[in-house]
Amino acid sequence: MKVGGKMVYEALLVPVWFYSYSSVVYAVTALVSFMISYFSFRLYRMSSLNMNLMMMLTFVFMGVAFSILAATSYYTYMSSNSFKLYENLYGVVKYGFMGYYTLSLVAYILLTVMYLPRKFREKLFVAYMPLWYLDFTAFHIISAILVGYIAIMNLVNFMKKRKIDSLLVLIAFVMIELSHVMMLLTQFDAVLYLVAHAFLVAGFASLLTMLIRVGRK
Amino acid sequence: MIGQKEISERTKPERRSKASILQDILRAIHNKGGKARPTHILYAANLSHDRLKKYLDMLVLNGFIKKQQGDNTYYEITQKGLEFLSGFNKMKRFFDAFGVEI
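Residues numbered from 1 in each chain as written. Chains lettered and ligands numbered in written order. Predicted model: local features only at pLDDT ≥ 70, side-chain atom pairs only at ≥ 80, totals over all residues.

Student: Quick one: what's the story with helix 2 (residues 18–31) of chain B, residue by residue and with numbers?
Tutor: Side chains that are three or four residues apart share a direction in an α-helix, a result of its 3.6 residues per turn. All names here are of chain B. Taking 1.5 Å per residue, 14 residues should reach 20 Å; helix 2 reaches 20 Å between its end C-alpha atoms and fits that length. Where helix 2 is concerned, the buried positions are Leu22, Gln23, Ile25, Leu26, Ala28 and Ile29. Those residues of helix 2 that are buried are in contact with strand 1 (35–36), helix 3 (38–44), helix 4 (49–61), strand 2 (65–69), strand 3 (73–77) and helix 5 (79–98). Gly33 sits one or two residues past helix 2 and shows a positive phi near 90°. (Helix = DSSP H or I, 4+ residues; strand = E, 2+ residues; numbered from the N terminus. Expected span 1.5 Å × (residues − 1). Buried ≥ 20, exposed ≤ 12 C-beta atoms within 10 Å, placed from the backbone. Contact = placed C-beta atoms within 7 Å.)

Have a look at this one:
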């Protein structure tokens, strides 16, 4: 089914019924992101250290991005039952996905900057990216590169520390990386879209477990 | 063959993060009953005079400690400073999990 424009085509690549499930997946990942950002905010208020502020902003951007995606997915699902909603589907999907792509990349860039050596980090890191040109493929390729770098840095961290908390963060970023790779492969098999969502949930479940462990002690 | 520079790189102690230095200073003041002189803090936190001054100014500015000037200068830990000390381990674990230096 092609309503018009590439984005809508991409959005309708999978069966419409799955959008009700995917909106729940995105809502859960948004919730976990907001929980991490709130934890970072509390640490920032307590310590006044800029890294806490950066971590908070990263997960706020991620949370808002996933909230937008949850709303877009839910709208797509609802539009299958209503002609009135279906009429506006193109605009909602276009701006919904654009918002998700932009905010997610900002979050990933912030996170990548945190892993850069201090001497690079302290000089302002300016990344020029033609965000208005982002489409499904470009977004997932750039995300896979950035998250891949973060996952490698987490692997190095785990090899050094050998702690469960660092293992959980490593698992989380490997899962998020796999979800982006699976999304890229969706054009070959729509089932991979479901697999990508399973990886995404597993990744955020791992982050949530780490947060509970750290927050408890 | 391992070069001299590489040996010294391997054996040199790990550089303390900014947060660890702040914690060491606050702990030094706290262990002295909540009020300490700069000389005591200098030795307890193992810092040079210039670096100590920089960090003390930062802590005063952020409200973690108060400077008391009379015949002698003292630094007193505040409620915010005590909260930093109790929450530091949680923060350290959080950033250690991510492998990010604070």
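That shown, we press on.
Student: Can you tell me about the environment of Met62(A), naming the residues and giving the values?
Tutor: All names here are of chain A. Counting through the fold element by element, Met62 comes out in helix 3 (residues 50–79). Judged by C-beta crowding, with 26 C-beta atoms within 10 Å, Met62 ranks as buried. Spatially, the C-alpha atoms of Met62 and Tyr108 are 8.3 Å apart, while their sequence positions differ by 46 residues. Those residues in contact with Met62 that lie beyond four places of it in its chain are Ser33, Ser104 and Ala107.

Student: I'd love a proper account of the sheet that holds strand 1 of chain B, names of residues and values included.
Tutor: Residues and elements named next belong to chain B. With antiparallel pairing, the three strands of this open sheet are ordered in space as 1-3-2. The open sheet has two edge strands with one neighbour each: strand 1 and strand 2. Note that strand 2 and strand 3 share five bridges and pair antiparallel. Among the inter-strand pairings, Lys66 is bridged to a residue of strand 3, identified as Glu76. (Pairing = 2+ DSSP bridges.)

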